[in-house]
Amino acid sequence: MSGTSWILGLTLLMGSSLTATAQTTLPSYGVQGVNVIQSDGSVKTNQTIHWADGVIRRVSTDETLPSSARTLVEGDSLLILPAFIDGLNHAGMPDAVAPSSYGNPDRPSDPTYDRAGIQPHRVAESEFDVSHSSIKAHQSAGFGAVNSSHQGRMLPGQSSMFFTQAQEAFSGYESPLYESALGYVFQFEGAGGRAYPSTDMAIMARFKQLLYDAEALQQHIRYVEGSGAEQMEAPQRDAVLESLFPLLNGEKPLMASVDSPEDAERVLLLADEFDFSVIFATSADLTPIASKLTQSATPVLFQFDKPEAPDWIQKEEKEAAEEESEAQDETTDETATEDETTVENEEPSEEELSEEEKAFRTRQASAWDAKKGALRSMLDAGLMIGAYGFDGKVTDFYEALRFYHEQGGVTSTELLNILSSNTAMILGIERLGTLAEGSLANMIVMHGQDWLSEDSKLLFTVSNGHVITIDND
Amino acid sequence: MTIQKSTTLKGLLTAVMMLSFTYVWAQPTTYAGPQSVLIKNGLVKTITQGDLPNTDVYIVNGIIQGIGQELSAPANIPVIDATGKVVMPGIIDAHSHLNTVSTNEATSPVTAEITIKESIDPNDVAMYQALAGGVTTINLMHGSANVIGARNATLKLRYGADQFGLQFQEAPQTIKFALGENPTRVHGQGTGVQPRTRMGVERVIRDIFDDAIEYDRQRQAYLDQKEAHERRPNRVAPPVPVAKNLRLEVISDILKGNILVHCHSYRADEIVMLVNVFKDYGVENYTFQHANEAFKVAPELAEAGANASVFSDWWAYKFEVYYSTAYNAAILHENGVNTSINSDSNELIRHLNHEAAKVVRYGGISANDALAMITINPAKQLGIDDMVGSLEVGKHGDISIWSADPLSIYAVNEMTLVDGQVLFNREADFADARLDRAISYDQSFEDLQSEVSEAVRGRQDDACMEDAFILFESGLQTEQTHNH
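Residues numbered from 1 in each chain as written. Chains lettered and ligands numbered in written order. Predicted model: local features only at pLDDT ≥ 70, side-chain atom pairs only at ≥ 80, totals over all residues.

*Asks:* It is not clear to me how the nonpolar core should be interpreted in this structure. Could you clarify?
*Replies:* One broad rule of soluble globular proteins: the nonpolar side chains tend to lie buried together. Of all hydrophobic cores here, the largest spans 238 residues; its most connected members are Ile80 and Val445 of chain A together with Ala294 of chain B. If one sorts the elements of this core by residue count, helix α4 (residues 200-225) of chain A sits on top with ten residues. With residues up to four places along the chain from it excluded, the contact list for valine 445 of chain A reads Val31, Leu72, Val73, Leu78, Ile80, Leu459 and Phe460 of chain A. In this structure, Ala145, Val186, Cys464 and Ala468 of chain B belong to the second largest nonpolar core, which totals six residues. (Core = buried A, V, L, I, M, F, W, Y, C linked by C-beta atoms within 7 Å. Buried ≥ 20, exposed ≤ 12 C-beta atoms within 10 Å, placed from the backbone. Helix = DSSP H or I, 4+ residues; strand = E, 2+ residues; numbered from the N terminus. Contact = placed C-beta atoms within 7 Å.)

Structure, rendered in structure tokens:
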């Protein structure tokens, strides 16, 4: 099929796909003659994928599809990849409630749980809204699932995994929830204003006391429910403390957002004391504590924000690119004069810089190299890396991916791995992130030769078997 | 001063030597663990055993193994020629906020459950700057916003170590208390909770002590019955659980003598108040910090066995500290109070030798006693005097080497060793002493220069009250608070 004809085919199919998403029974779809890229980087050419009821039924070279299946799209240069998974986000959730809206407590040392930002009893599905613009943005970037939690402060709630499938699929009490309460979100965010805790060190102490209190309450409930406690007073029930029992019992992880290796080490102190597992979410380089993380099998969710180089490096790179461009022009245009190639330079030249600033730049350049290489460095250190925190800006997101690929030395296979199967494994949902028979039908369909290339286009995001047509305009 | 390179010595020490007499634009030498070194032929000020001319100090794996003349060491041990130099123990600052992440959790009058050990910034260049002044150990303290603040962290300035490696693991735990204006302004006037007055400060302390005693009794009874129940479940009924209470456990540890109190204070009346409270509850071996009016009650302090850690000549920065004298330390010392001179400032910490010299100038005490005020005396206050604070066999190899008598205004610290490792060498000073890991890829040169200007401009305005402003900015009070 020519380029024009596949676009035509796509246009014709769009209507049916949207209609299909409104059905209660999940549709059966197929794609034929495509290149399938698995998260491990392996590529199978000329494949047919069939999925029904939200599950991948077949991945093979057999070109026939069941008669009930609709052909999603046909054409050349089609790629199918596992859909991305956002390992931790606030997508679909309401804006954070400002601490000030709770007012200042009469006793700043003893604010209510809500005022202190201690809300681990909240599970995301209680307020998740699939029609939220952030979910549409996730679809547009290729995310088929997102682990969302409430926004908040120290302990804003428990995150749950949702499909990003279209809003039209739901009515009444239906929900795109896949798995509830995967873990407890934790961050070094004080209560704000005049309320305890206001510092990281106080957050540490408050967290410990919460678990001591939960420990005692759990013990009390067990005693009362057991034998020999007929005379015992009834425990004072507490939904917040009781919501922490699974953490206390090592049944669920703490999903800790940290800005530095030092903060991560502090969280590990808590994990050591209470013997729970941790998943870190960060855009920092945790390589300095890699051995601690590998020893405790602690994974890391990495945020793909494209960092900006220092101004002076950007300027140097721009000038170098211009010089290269002009040099090429000169070879093609022999009439170019020397005057025309002069670059205006308003900044002090290298010679005009003080010794101190030159040295500063040398060390900063090393820091910039380290920043670019942070993800590579963590991978080389053997850390299990997934992805989190897509901020809704699709173009920036792909630019960040290409940045870590081109300047950070991370292969496109590794990136795909991070965005799909690794994140699924970290969150314990292994039916996501792969394109195998029996896997959940979460995939993306792209047109192009290389999924990471700027020239490639995302056509469809398939989430839980539902097809979301991406508007590339 | 030169370090003689041994034939087998490799690595950073060698690099330092090769770059002698130059500024070095690279990461400074970072802590690599206890080292061995022989310091030759210096005037050794032991502090506890007199001055020893032409004497060697031999450090093996971070511990002083020998002090004497003509000591020898294996060929692979580096040798520092200290001829014409003064070798003394590393300086100890009993009051610092040098590299805290946060200093004050100012939302509660009692925050004993918190620890500064979870608020250490291991990347702060201020540690290198303190090493340059000969300092090797600090008491990294919580601020003075609360009657009972957080537990402190005794640190060795092992520049380059992580937040755990910096901690002086063998040091006993200490905790910050604060009397007077700071807690009454922050809590009583700031948020309307006790204490609003000095009377209230005493009440807060007595109440929490009583709470801790009662908690201890109930918690222990619970644990005892729980154990009995688990042993004989059919005969012993299960107990109603009493949750572990971190705050009260720490207070209980103070009452049991497991945690040393360092109390911010100024006025004589409040100092005596706390002496009396501690007497009532059996708390011993505590230190009054600042204590500008302590000279008025020096005999009472001596009788109680209390320590004092004071400024040499700094006062009149707020109402409660208008009355003081540069003779404070000397009077305390002469009355038998173990007294130290502290900095409470990232600038002052770089020349504590000058601060000690002022005590000689004003109070006429001996030079050795003055140096003791920045070495062995603060070591006693921190409970580490069996390990540091003087040059004795068996103590840590924490040493500063001076160009002349450290009490001379012309003397400069030339070299500082922690656990036997040279972590500051003036001959190969680092112009940009930041650690590689502390360098931000997106900080501008101008912003860095502003930081440097801030670091060298003198005493900070907000050291002890850092992070406490949040309460005042919240509306109830907008006046400027001050430090200490």
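*Asks:* What's the story with the sheet that holds strand β7 (residues 91-96) of chain B in this structure? I'm lost.
*Replies:* Paired through backbone hydrogen bonds, the strands of a sheet run either parallel or antiparallel to each other. Residue and element names in this part refer to chain B. Taking strand neighbours across the sheet as the criterion, the three strands line up as β7-β8-β10 in an open arrangement whose pairing is mixed. The open sheet has two edge strands, β7 and β10 (153-156), and neither has a second partner. Mean inter-strand twist for the sheet, computed between neighbouring axes without regard to direction, equals 20 degrees. When β7 meets strand β8 (residues 135-140), the two strands line up parallel, connected through four bridges. Paired with isoleucine 91 across the strands is valine 135, a residue of β8. (Pairing = 2+ DSSP bridges. Axes fitted to C-alpha atoms, helices over the stretch in contact; angles between N-to-C directions.)

*Asks:* Help me understand the interface of chain A and chain B, please; the structure alone is not making it clear to me.
*Replies:* You'll often see interface size given as the accessible area lost when the parts meet. Taken together, the contact between chain A and chain B spans 46 residues of the former and 42 residues of the latter. Elements supplying a minimum of two residues to the side of chain A that touches chain B: α4, α7 (261-274) and α10 (355-372) of chain A. The element contributing the most residues to the side of chain A that touches chain B is α4 of chain A, with 14 residues. Per-class residue counts for the side of chain A that touches chain B are 19 nonpolar, twelve polar and 15 charged. (Nonpolar A, V, L, I, M, F, W, Y, C, P; charged D, E, K, R; others polar.)

*Asks:* Got a minute to help me understand the domain arrangement of chain B in this structure?
*Replies:* All names here are of chain B. Assigned domains within chain B: domain 1 (1-89 + 391-439) and domain 2 (91-388 + 459-476). The straight-line distance from the C-alpha centre of domain 1 to that of domain 2 is 31 Å. Between domain 1 and domain 2, the contact holds 26 residues from the first and 31 residues from the second. Residue assignment for the side of domain 1 that touches domain 2 shows that the elements contributing at least two residues are β6 (86-89), β17 (413-418) and β18 (421-425). (Domains from an automatic or database assignment.)

*Asks:* Please clarify how the pairing of β18 of chain B should be interpreted in this entry.
*Replies:* Successive residues of a regular strand alternate their side chains across the two faces of the sheet. Residue and element names in this part refer to chain B. Extensive coverage of β18 is indicated by the burial of five of its five residues. One ladder, built from four bridges, connects β17 with β18; its direction is antiparallel. What sits directly across from threonine 416, in β18, is phenylalanine 424. Taking the residues that link successive antiparallel strands as the turn, the β17-β18 hairpin has two residues, and the phi of aspartate 419 there is positive, at about 55 degrees.

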